[in-house]
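Structural overview
If you want the building blocks of each chain, they are given just below.
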Amino acid sequence: MLGSFAVLRKQSLLGDAISHAALPGIAIAFLLTGAKESNTLLLGALVSGLIGTFWIRGIITKTHLKSDTALGLILSLFFGFGMLLLTFIQKQPNANQAGLDKYLFGQAATLVESDVWLMAIVTGLCLIVLLLFWKEFKILLFDKDYANTLGFNTKTIDILITSFIVLAIVLGLQTVGVVLMSAMLLAPAAAARQWTNSLSMMVFLAALFGAFSGVFGTAISAAQNNLSTGPVIVIVASVFVMFSFIFSPNRGLLFRQIRFIKNRRDLELHKTLSFMFNIAKTHENISHPHTIKILNNFQGYTKGTLKKLVDKNYVTLNGNMWSLTQEGFETVSNLYNQQLKKDE
Amino acid sequence: MSSKIAVQVDDLTVAYNYKPVLWDIDLEIPEGVLMAIVGPNGAGKSTLIKSILGILKPIAGSVSIYGKSYDKQRSLVAYVPQKGSVDWDFPTTALDVVMMGTYGSLGWIKRPGQKEKKAALEALEQVGMLPFKNRQISQLSGGQQQRIFLARALVQDASIYFMDEPFQGVDATTEIAIINILKALRKANKTVIVVHHDLQTVPEYFDWVTFLNVKKIATGPVKDIFNDDNLTKTYGINYKVSIQK
């Protein structure tokens, strides 16, 4: 759901950076409390995720670095620091430490009821905020400077969106893990973009795809032993993306190719027809027969196109001769007008 | 033309890092003029507009709109950004973009309703884009996109319009359509300020002009100050255009 905004802001990697930035937070929270209580750990993740995000923003606005550089820098810095802390924790004589690494790849089985409730509440909160500030989010994404001149405090909206993205990521960490979280955020949004040209529909579809991947992924991994949930969910989400890339009606590769071929065929047919038209119009009777041989000079002509023209009743064949029908004649005369209308 | 001052700029200085982009600009724009801002690339034309509108923060100087600070007079001002400044692949329709012009008067949270939709449709009609209202914006031509931006500003029903190169990359038909709308705005005693590149059309389109190259070179009525002397001062080289008087 929130991934849509990340994708449209062309900050797809932000999710990746945030989830990696959350790792040291988890480790530090564990070091401070010595317990593996998931809420505390997630709080730590939230704090360090937010710090990472605002550092990234700072780097982008204060220096000349591009956003991908800033993201990469913060991502590796925080992840490295997090790993350092994790290895340090593993050397400690604390029996509790086993299992912290589940945050790396996620493990849905460790979720307890209270976790699920927390997720539901946060999701509901996201939804409310999204509905309330829909207009503001939209205009910020599309045209930030303009939003500014209208009197909206773009910084506030920006921070609001970013905070919710961070929140969503941190909550997903337990299920999918640090490494794969960004896929969870982006895959549904990328898939949804293929199907629709409306922002509201895109957000809705993204939520739907996300939920489906979650349910399917969990079901598949539950049916099989030794399949960890996170990666399965991500793979299911990726299948959605692949499917969308290929089969979506407007932007999909398959239909685009089909349309392309169809257009070319139509054009070929039209060219042959107009070539015939030019020959035929020199005669009083438009259906005056001509030999097929003269068509050989013309490049677009094949036996196939001729047959198609006959099928469409534009042309009649008689041995080696062809003649244009009344219908064919009218179609060609209208062809140019139609083309002009289409261009308008 | 009345003698009221619509926009007043005092000692405005803007810099990116160490390099000044605008230096000590004083500018008075009277109400009801159609003004071109001309100058070479990098002269700070867009920057001037953006700092008047508070998008960029100046190092020094102040701006007032009808004698009060811009923040208080925001609703009187509409802005048409450069067409290239947004992502036209954004999933939305032409009508939707024009509706954004009403967001300012709506304020936070409140949603646009029938009244706003009607205003947006009227603006689309004005720029001749009504048949394209449900068209996905990525499928509009450059000229059509520019008209959509113009319609979005018209919806705001402002007194002062700032436009950043509205004629960039549009065909002759669109250019004429746009200039006609601008002239209609002037007739309604609105003030229109346009960043402009085509010097040849300045005398034909505009009645007021500002020459800018980091510093302000000159500002005033086109018929008085649009001459080779000022052009040479602004563009550095011996610039000559044939001016039809």
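These remarks concern the structure in this document. A quick note: this is a predicted structure, and the numbers were derived from the prediction, not measured.

Calculation rules
Residues numbered from 1 in each chain as written. Chains lettered and ligands numbered in written order. Predicted model: local features only at pLDDT ≥ 70, side-chain atom pairs only at ≥ 80, totals over all residues. Heavy atoms only, no water. Core = buried A, V, L, I, M, F, W, Y, C linked by side-chain atoms within 4.5 Å. Buried < 20%, exposed > 50% of the residue type's maximum accessible area, 1.4 Å probe, protein only. Contact = heavy atoms within 4.5 Å. Helix = DSSP H or I, 4+ residues; strand = E, 2+ residues; numbered from the N terminus. Arc of directions from axis to C-beta. Patch = residues over 30% accessible without salt bridge, like charges linked within 9 Å, V, L, I, M, F, W, Y side chains within 5 Å. Areas by Shrake-Rupley, 256 points an atom, 1.4 Å probe, with all protein chains shown as cover. Salt bridge = Lys/Arg side-chain N within 4 Å of Asp/Glu carboxyl O. Lys, Arg positive; Asp, Glu negative; His and termini not counted. Charge placed at Lys NZ, Arg CZ, Asp CG, Glu CD. Axes fitted to C-alpha atoms, helices over the stretch in contact; angles between N-to-C directions. Parallel < 35°, antiparallel > 145°, perpendicular 65-115°, else oblique. Nonpolar A, V, L, I, M, F, W, Y, C, P; charged D, E, K, R; others polar. Pairing = 2+ DSSP bridges.

What follows is about the nonpolar core. Formed by 144 residues in total, the largest nonpolar core has its most connected members in V7(B), F162(B) and L182(B). Here L182(B) is in contact with L34(B), L150(B), M163(B), F167(B), V192(B) and V194(B), once residues within four sequence places are set aside. If you look at the next biggest cluster of nonpolar residues, it comprises 14 residues, including L269(A), A280(A), I292(A) and V315(A).

As a further point, take helix 14 (residues 303–311) of chain A. All names here are of chain A. Among the residues of helix 14, those classed as buried are T305, L306 and L309. Along the axis of helix 14, the buried positions cluster into a sector of 100 degrees, meaning they face one direction only. Of the residues in helix 14, the exposed ones pointing more than 90 degrees away from the buried face are K303, K307 and D311. As for helix 14, its buried residues are in contact with helix 13 (253–280) and strand 2 (315–318).

The next point concerns the environment of T61(A). Along the chain, the position of T61(A) falls in helix 3 (residues 38–62). When the C-alpha positions of T61(A) and L267(A) are compared, they lie 51 Å apart, and in sequence the two are 206 residues distant.

All names here are of chain B. A cluster of acidic side chains, namely D11, D24, D26 and E28, defines a negative patch on the protein surface. With three residues, strand 2 (residues 19–30) is the largest single contributor of residues to the negative patch. Looking at the secondary structure, you find E28 in strand 2. E28 sits in the partly exposed class, given a relative accessible area of 42%.

Now for the packing of helix 7 (residues 134–142) of chain A against helix 9 (residues 154–176) of chain A. All names here are of chain A. In the contact formed by helix 7 and helix 9, the axes pass within 10 Å of each other and the chain directions differ by 100 degrees. Classified by the angle their axes make, helix 7 and helix 9 are roughly perpendicular. Residues E136, F137 and L140 of helix 7 form the contact with helix 9, whose participating residues are T154, I157, D158, L160 and I161. Across the contact of helix 7 with helix 9, the residue classes break down as five nonpolar, one polar and two charged.

What follows concerns unusual backbone geometry. Residue and element names in this part refer to chain B. In this structure, D157 is a non-glycine residue whose phi angle is positive, near 50 degrees. Within the element layout of this structure, D157 appears in the loop between helix 6 (142–155) and strand 7 (160–164). Given a relative accessible area of 56%, D157 falls into the exposed group. Unlike most non-glycine residues, N189 shows phi in positive territory, near 65 degrees. Tracing the chain through its elements places N189 in the loop between helix 7 (172–187) and strand 8 (191–195). What makes N189 partly exposed here is its relative accessible area of 36%.

Next up on the list: the sheet that holds strand 1 (residues 5–16) of chain B. Residues and elements named next belong to chain B. What the four strands build is an open sheet, ordered 2-1-4-5; its pairing is antiparallel. Among the strands making up the open sheet, the edge pair consists of strand 2 and strand 5 (68–69). Where strand 4 (residues 60–65) and strand 5 come together, two bridges link them in antiparallel fashion. Along strand 5, the bridge assignment pairs S64 with S69.

Residues and elements named next belong to chain B. Overall, mixed pairing links the six strands, which are arranged 6-7-8-3-9-10 in an open sheet. The open sheet has two edge strands with one neighbour each: strand 6 (77–80) and strand 10 (215–221). Sheet twist, expressed as the average angle between the axes of neighbouring strands with direction ignored, equals 15 degrees. Note that strand 9 (residues 208–213) and strand 10 share six bridges and pair antiparallel.

By themselves, these figures tell us nothing about what the structure is for.
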